[in-house]
Amino acid sequence: MAPITVGDVVPNGTISFFDENDQLQTVSVHSIAAGKKVILFGVPGAFTPTCSMSHVPGFIGKAEELKSKGIDEIVCFSVNDPFVMKAWGKTYTENKHVKFVADGSGEYTHLLGLELDLKDKGLGIRSRRFALLLDNLKVTVANVESGGEFTVSSAEDILKAL
């Protein structure tokens, strides 16, 4: 499957997360992004070094600035189970705006065409690192990394695109 790109409508699929009442929710991506400006950024794995020390903190630190530029939702996405994503999200006590969601089986990652084979590292099939800007489901920015790089998908890169 070809990777999602600018001009595409983001596919509809399901993701899971724990809501503010600590209830597990499984919802369609379209229900989160329809009629909104949404940043969906993906990481290869929760609790991994680059994801935990650079990628996620960048979006948490720039969340207010992103919101001031019209962003409605900031969603951190990974091929992990929702319990792991919940635990990872709780490690960022200063977080007020980034929602941590799970694609437990990697099905939505496959729909996006953004799979990353990390079997040789014992991690299985994961998500490539990326940052998508969606405007009413349409991809207006698609910053997708090669391999495990972190060069084009930061919060700063999205801010530049706004």
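Residues numbered from 1 in each chain as written. Predicted model: local features only at pLDDT ≥ 70, side-chain atom pairs only at ≥ 80, totals over all residues. Heavy atoms only, no water.

The protein appears in an unreviewed UniProt entry as Glutaredoxin-dependent peroxiredoxin from Arabidopsis arenosa. Under Function (unreviewed entry), UniProt gives the following word-for-word description of the protein: "Thiol-specific peroxidase that catalyzes the reduction of hydrogen peroxide and organic hydroperoxides to water and alcohols, respectively. Plays a role in cell protection against oxidative stress by detoxifying peroxides." (UniProt positions renumbered as here; feature names shortened; annotations may be inferred.)

S.K.: Where do I start with empty space enclosed by the protein in this structure?
M.R.: Here the idea is plain: a probe the size of a water molecule rolls over the atoms and shows the empty space left. Summed over all chains, the structure comprises one cavity of 30 Å³ or more. Taken as a whole, the largest cavity holds about 80 Å³ of empty space. Sorting the residues of the lining of the largest cavity by element identifies helix H1 (29-33) and strand E3 (37-43) as the ones contributing at least two each. Broken down by element, the lining of the largest cavity gets its largest block of residues, three residues, from H1. Residues belonging to the lining of the largest cavity are distributed by class as follows: nine nonpolar, no polar and no charged. (1 Å grid on protein atoms, 1.4 Å probe; cavity = no way out; pocket = protein on both sides within 12 Å on 5 of 7 lines; lining within 4 Å. Points joined across faces, edges and corners; volume = space filled by probe spheres on them. Helix = DSSP H or I, 4+ residues; strand = E, 2+ residues; numbered from the N terminus. Nonpolar A, V, L, I, M, F, W, Y, C, P; charged D, E, K, R; others polar.)

S.K.: What exactly am I supposed to notice about the pattern of salt bridges here?
M.R.: Pairs may arise between side chains of opposite charge once their charged atoms sit close together. Per the counting criterion, the structure on display carries four salt bridges. For lysine 62, the salt bridge identified is with glutamate 65, shortest N-O distance 3.9 Å. Accessibility expressed as a relative area gives 36% for glutamate 65, which makes it partly exposed. Measuring nitrogen to oxygen at the nearest pair gives 3.9 Å for the salt bridge that ties lysine 119 to aspartate 117. For lysine 119, a relative accessible area of 55% gives the class exposed. Its relative accessible area of 45% is what places aspartate 117 among the partly exposed residues. (Salt bridge = Lys/Arg side-chain N within 4 Å of Asp/Glu carboxyl O. Buried < 20%, exposed > 50% of the residue type's maximum accessible area, 1.4 Å probe, protein only.)

S.K.: What exactly am I supposed to notice about the side chain of asparagine 95 here?
M.R.: Relative to the elements of secondary structure, asparagine 95 occurs in the loop between helix H4 (82-90) and strand E5 (98-102). Looking at asparagine 95, its side chain comes within polar contact range of the main-chain oxygen of valine 98, at 2.8 Å. Residues contacting asparagine 95, with those up to four places away along its chain left out, are Ile60 and Phe100. (Polar contact = N/O pair within 3.5 Å; in protein donor to acceptor, adjacent residues only side chain to side chain. Contact = heavy atoms within 4.5 Å.)

S.K.: What should I look at first to understand the layout of surface pockets in this one?
M.R.: Approximately 440 Å³ is the volume attributed to the largest pocket. Taken together, 19 residues line the largest pocket, and the ones lying closest to its centre are Phe18, Asn95, Val98, Lys99 and Phe100. Among the secondary structure elements, those contributing two or more residues to the lining of the largest pocket are strand E1 (14-18), H4 and E5. By residue number, the principal contributor to the lining of the largest pocket is H4, which donates four residues. Residues of the lining of the largest pocket, tallied by class, amount to six nonpolar, four polar and nine charged. In this structure, the second largest pocket spans a volume of roughly 180 Å³. In terms of lining, the second largest pocket is formed by 13 residues, of which the most central are Pro44, Thr48, Leu118, Arg129 and Gly148. Of all the secondary-structure elements, those providing two or more residues to the lining of the second largest pocket are helix H2 (49-61) and strand E6 (115-118). Sorting elements by how many residues they give to the lining of the second largest pocket places H2 first, with three residues. Taken together, the residues that form the lining of the second largest pocket break down as six nonpolar, five polar and two charged.

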